[in-house]
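Per-entry structural report
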Amino acid sequence: MAKRPVGVTLEVGNDGVAVISINNPPVNSLAIPILAGIKEKFEEAFKRDDVKALVVFGQGGKFSGGFDINVFGHVHKTGDNSVLPDVSIDLLVNTIGDGKKPAVAAVEGLALGGGLELAMGCHARIAAPRAQLGLPELTLGVIPGFGGTQLLPRLVGLSKAIEIMLLSKSITSEEGKKAGLIDEIASSSELLNVARHWALDIAERRKPWLRTLHRTDKLGSLAEARNILKMARQQAKQIAGNMPQHQACLDAIEEGVVHGAYSGVLREEKLFKELVLSDTSKGLVHIFFAQRTTSKVPNVTDIGLKPRPVKKVAVIGGGLMGSGIATALILSNIYVVLKEVNSEYLLKGIKAIEANVRGLVSRKKLAEDKAEKTLSLLKGALDYSEFKDVDMVIEAVVENISLKQKLFSEFEKVCPPHCILATNTSTIDLNLVGERTKSQDRIVGAHFFSPAHVMPLLEIVRTEKTSAQVIVDLMTVGKIIKKVPVVVGNCTGFAVNRAFFPYNQGAQFLLHLGVDPFRIDQLISDFGLPMGPFQLQDLAGYGVAVAVKKIFASAFAGRTFDSSLIDLLIKSGRNGKNNGKGYYIYEKGSKPKPDPSVLPIIEESRKLANVMPGGKPISVTDREIVEMVLFPVVNESCRVLEEGIVIRASDLDVASVLGMSFPSYRGGIIFWADTVGADYIYRNLKKWSEAYGSFYKPSRFLEERAKRGIPLSAPISTSSATNSRL
Ligand SMILES: C[C@H](O)CC(=O)SCCNC(=O)CCNC(=O)[C@H](O)C(C)(C)COP(=O)(O)OP(=O)(O)OC[C@H]1O[C@@H](n2cnc3c(N)ncnc32)[C@H](O)[C@@H]1OP(=O)(O)O
């Protein structure tokens, strides 16, 4: 069949209904010429005597994924928001809403953002089953800008509309029908027919001609509305304190409730244009595209390889990581054999997986009947008898090189020759892991982040020998289990743990320079991380800190900081959240409280470390504290870039957001560093390295970029990558 050209078409049937079809694959995004095309076709249909009513439809099974986000990217580059089209008043209010012929939206697949706004601007909406409906604009740092802040409350009521917009929550057609957003559900094959009839029924007055913006029946009283808005503002402050778009969205809604829809649309338009230029929108739009770019790996995803099916996976080790990985796999219908060394450990692993699945049921994220089906995909094993038909092995045992070497040489013997041999090691060189095998092309790192069934990042670690096919297969499995796979090179800590080892150490250094740990934690969480470094250490447990500190000290000698603090904390009976006592006190049902009795232990460690200049605590501003924790991370990230551990800077941005919960609205670690400026970061690190030693010494890459005025995110030319591992 010939490919339809990109654009908007109009077809008039014998019934007098004009179908306006949008064709802009893959998601029918509303690019500026598409919006112009919609307007032009509406005007043409209004003029034609043979047209009684209109239907708006999206080709290819998707109504529309919304306004073209590339335009935001363009505005961010140029700073010119005048290119944003006037859609809300011109197209949705004047042309469609108040148009002289009725229009019905026929929604299939998805209607998001501007796509849903277009549908809401019509006089009725017919949807195919399970279509995804939502206004996710806040996740891009803006608010709905085609009248959505006014249209949605008028269709579904204020509370539901606020919930959908503030939480950027999608609903299905079925939920939409219950809420009043959708007028009727029709199968995909009947969708256009039903929509045509509906449109004619309105034109011929058999059904009411409802102009959404004229409606007020769902808005409730002004007093009720004010109450709902007040509560929403408080909630927004808590969930998005550092972001402007949540309060702005409520401002636009409030304007429309108090002064009428037209006034609300004007306010929305003004706020939308301001927000597009915000740093928050720049960061979030960058992350949107960066995340999609991770799936493009040169010489891997562009050489015509097809992913092979992975139906059965063996997970070795049922500890915290192994059980999390197994949970993620069975939740996505992949059959899992969990192997342990004895029945006691095996039972423990299976119980942990059951608890993960039940936890999802109790948090209403999984239906009860689905839980049973999911758990039926899990089988325990104490030997290799189930391994002859596995498509992939994921080893998740303790970080012991010779144990891993022994296991991998066994896998080579018992698994079929196509089987992918993956390790979840977070530190050990993959070449060492596979040293005793002849299958190094099949050896790959599948580095999950804890808890593995929850955290979205999957680092896929490749060596020079890992085959492109194996990477394609693992990327596909990653996507099936709803992770974001990022392909990285082989080095101690890979991309995320490598770049972020100075995060904890920088905080420790500051503490030993005399800064209060609770002040550091508070400032880092004010910056936007979910918790500060000391609380994170409490959460991870001190065993992890002891183990990784040795590994990093040997791999990165000369730029690590060590102290006796962890040993002293353990000696004093503390083990963080595990035993309820760390830097904080943990009591069931209440938030962690800073524990003042930890301060004398810190004092003792400070004396032993003796890094305070003149033996006195340094005096630093709040801003310096954040910078002294995060600039060393930027510094190490520069080495990750220079060594080619990631293909591109934006991959590290995505990995920092998904693996370390670096705030997405700051665009990830490198994007944020570029907004701060390489030169500023370099000068400060240099100043601190002169005052406090080599921990802060700027890397060569940072120095060069700072001196030459090149952004850290600019691509490295092949000749300047010193030691590419990819
Ligand atoms: C004024 C208005 O109120 C403002 C707006 O409408 S802002 C836009 C609001 N819409 C959104 O936020 C939806 C964003 N898109 C998505 O969430 C997802 O892409 C989706 C659910 C539509 C589809 O997901 P999925 O099938 O996994 O495909 P996904 O890989 O994400 O996208 C496919 C391609 O479409 C592109 N795309 C998706 N939505 C787009 C959009 N609104 N504009 C431009 N490109 C878009 C993606 O960048 C990707 O491009 P690539 O293949 O070159 O990498």
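Residues numbered from 1 in each chain as written. Predicted model: local features only at pLDDT ≥ 70, side-chain atom pairs only at ≥ 80, totals over all residues. Heavy atoms only, no water.

**Thoughts on the UniProt feature "domain: 3-hydroxyacyl-CoA dehydrogenase NAD binding" (unreviewed entry) in the chain**
As annotated by UniProt and renumbered to match this structure, "domain: 3-hydroxyacyl-CoA dehydrogenase NAD binding" (unreviewed entry) occupies residues 312-490. The distance separating the terminal C-alpha atoms of residues 312-490 is 26 Å; by composition the span is 40% helix and 22% strand. (UniProt positions renumbered as here; feature names shortened; annotations may be inferred. Helix = DSSP H or I, 4+ residues; strand = E, 2+ residues; numbered from the N terminus.)

**A few points about the site of the ligand**
Around the ligand, a shell composed of 26 residues is seen, among which G114, E117, E137, R292 and K296 lie nearest. The separation between a nitrogen atom of the ligand and a polar main-chain atom of I69 is 2.9 Å. Surface burial for the ligand is 73%, taken as the share of its 990 Å² of free accessible area covered by protein chains. When residues of the shell around the ligand are traced back to their parent elements, those giving at least two are α2 (69-78), β5 (110-112), α4 (114-121) and α12 (279-293). Of the residues that constitute the shell around the ligand, the class distribution is 14 nonpolar, seven polar and five charged. (Near = heavy atom within 4 Å. Polar contact = N/O pair within 3.5 Å; in protein donor to acceptor, adjacent residues only side chain to side chain. Areas by Shrake-Rupley, 256 points an atom, 1.4 Å probe, with all protein chains shown as cover. Nonpolar A, V, L, I, M, F, W, Y, C, P; charged D, E, K, R; others polar.)

**As for the nonpolar core**
Of all hydrophobic cores here, the largest spans 81 residues; its most connected members are F500, Y503, I520, Y583, L652, I669 and L712. Per element, the largest residue contribution to this core is eleven residues, and it comes from helix α25 (residues 622-642). If sequence neighbours within four positions are ignored, F500 has contacts with V633, S656, M660, F662 and I669. Among the nonpolar cores identified, the runner-up in size contains 74 residues, and L35, A45, V156 and L158 belong to it. (Core = buried A, V, L, I, M, F, W, Y, C linked by side-chain atoms within 4.5 Å. Buried < 20%, exposed > 50% of the residue type's maximum accessible area, 1.4 Å probe, protein only. Contact = heavy atoms within 4.5 Å.)

**Here's the deal with the pairing of strand β17 (residues 484-489)**
Buried residues dominate β17, accounting for six of its six residues. The alternating pattern of β17 places V484, V486 and V488 on one face and P485, V487 and G489 on the opposite face, and all of these are buried. Both strand β16 (residues 457-462) and β17 contribute to a ladder of six bridges, which runs parallel. By the bridge assignment, I460 is partnered in β17 with V487. (Pairing = 2+ DSSP bridges.)

**Some points on helix α14 (residues 343-362)**
Here α14 is 20 residues long and its end C-alpha atoms lie 28 Å apart, about the 28 Å a rise of 1.5 Å per residue gives. Those residues of α14 that sit buried are L346, G349, I350, I353, N356, V357, G359, L360 and V361. Contacts from the buried residues of α14 go to α13 (320-331), β11 (335-339), α15 (368-375) and β12 (378-381). Where α14 begins, the capping side chain belongs to N342, and its oxygen is found 3.1 Å from the backbone nitrogen of E344. Among the residues trailing α14, K364 stands out with phi positive, at a value near 60°. (Expected span 1.5 Å × (residues − 1).)

**Observations regarding unusual backbone geometry**
For the bond from P25 to P26, the omega torsion is 5°, close enough to zero to count as cis. Relative to the elements of secondary structure, P26 occurs in the loop between β2 (17-23) and α1 (32-47). Of note, the amide linkage connecting S450 to P451 takes the cis form, showing an omega dihedral of -10°. By the element assignment, P451 lies in the loop between β15 (443-448) and β16.

**Things to note about the sheet that holds strand β7 (residues 132-134)**
If you trace the three strands from one edge of the open sheet to the other, you get β5-β7-β8, paired in mixed fashion. Unpaired on one side and paired on the other, β5 and β8 (171-172) mark the two borders of the sheet. Alignment of β7 against β8, held across two bridges, turns out to be antiparallel. Of the residues in β8, the one forming a bridge with L133 is I171. Each of β5 and β7 is contacted by α4, which is oriented at about 95° to β5, the strand it contacts most. (Axes fitted to C-alpha atoms, helices over the stretch in contact; angles between N-to-C directions.)

**Quick word on the pattern of salt bridges**
Evaluated as defined, the whole model comprises 46 salt bridges. As a salt-bridge pair, K41 and E44 come within 3.9 Å of each other at their nearest N and O atoms. Pair noted here: K41 and E44 are both in helix α1, with a separation of three residues, about one helical turn. Given the relative accessible area of 29%, E44 is considered partly exposed. The shortest N-O distance in the salt bridge between E627 and R623 comes to 2.8 Å. Note that E627 and R623 are positioned in helix α25 at a spacing of four residues, about one turn of the helix. (Salt bridge = Lys/Arg side-chain N within 4 Å of Asp/Glu carboxyl O.)

**Some points on the packing of aromatic side chains**
By the definition in use, this model includes 28 aromatic pairs. An angle of 65° between the planes, with centres 6.2 Å apart, marks the rings of F500 and Y503 as edge-to-face. With a gap of three residues between them, F500 and Y503 both fall in helix α19 (residues 496-512), about one helical turn apart. Of the residues examined, Y503 reaches a relative accessible area of 2% and is grouped as buried. Taking NZ or CZ as reference, R666 lies 4.0 Å from the ring centre of F527, over its face. (Phe/Tyr/Trp six-rings, centres within 6.5 Å; stacked < 30°, edge-to-face > 60°. Lys NZ or Arg CZ within 6 Å of the ring centre and 35° of its normal.)

**Section: the environment of M243**
Structurally, the position occupied by M243 is in the loop between α9 (222-239) and α10 (245-259). Classification of M243 by relative accessible area gives buried; the value is 17%. Sequence separation between M243 and G141 is 102 residues; the distance between their C-alpha atoms is 7.7 Å. In this view, M243 contacts T280, L284 and Y665; residues no more than four positions away in its chain are not counted.

**Details of α9**
Between its terminal C-alpha atoms α9 stretches 25 Å, which fits the 26 Å expected from 18 residues at 1.5 Å a residue. Regarding α9, the residues found buried are A225, L229, A232 and A236. Viewed along the axis of α9, the buried residues span an arc of 65°, placing them on a single side of the element. Pointing more than 90 degrees away from the buried face of α9 are the exposed residues A223, K230, M231, K237 and Q238. On its buried face, α9 is in contact with α6 (158-166) and α10. (Arc of directions from axis to C-beta.)

**A closer look at the sheet that holds β17**
The strand order β12-β11-β10-β13-β14-β15-β16-β17 describes an open sheet built from eight strands, whose pairing is mixed. Only two strands of the sheet have a single neighbouring strand rather than two, namely β12 and β17. Direction aside, the axes of adjacent strands within the sheet are offset by 25° on average. Summarising the sheet, β11 and β12 pair through four bridges and their orientation is parallel. Counted as the bridge partner of V337 is K379 from β12. The strands touched by helix α18 (residues 468-480) within the sheet are β13 (392-395), β14 (420-423), β15, β16 and β17, with β16 carrying the most contacts at an inclination of about 170°.

**Looking at the packing of α1 against helix α3 (residues 88-97)**
Packing of α1 against α3 leaves a shortest axis separation of 11 Å and a crossing angle of 20°. Classed by the angle they form, the pair α1 and α3 counts as roughly parallel. Relative to α3, α1 is oriented so that their crossing is left-handed. Contacts from L35, I38, K39, F42 and F46 in α1 reach D90, L91, T95 and I96 in α3. (Parallel < 35°, antiparallel > 145°, perpendicular 65-115°, else oblique. Left-handed = near helix turned anticlockwise from the far one by under 90°.)

**Considerations on the state of the cysteines**
Scanning all chains against the criterion turns up zero disulfides. In this structure C419 is a free cysteine whose sulfur lies 4.1 Å from that of C415, the closest cysteine sulfur available. (Disulfide = S-S within 2.5 Å.)

**Some details on the UniProt feature "domain: 3-hydroxyacyl-CoA dehydrogenase C-terminal" (unreviewed entry) in the chain**
Here the UniProt-annotated "domain: 3-hydroxyacyl-CoA dehydrogenase C-terminal" (unreviewed entry) positions come out as residues 493-586 and 625-708. This span, residues 493-586, is 61% helix and 2% strand, and a straight line between its end C-alpha atoms measures 30 Å. Between the C-alpha atoms that bound residues 625-708 the distance is 27 Å, and the span itself is 74% helix and 0% strand.

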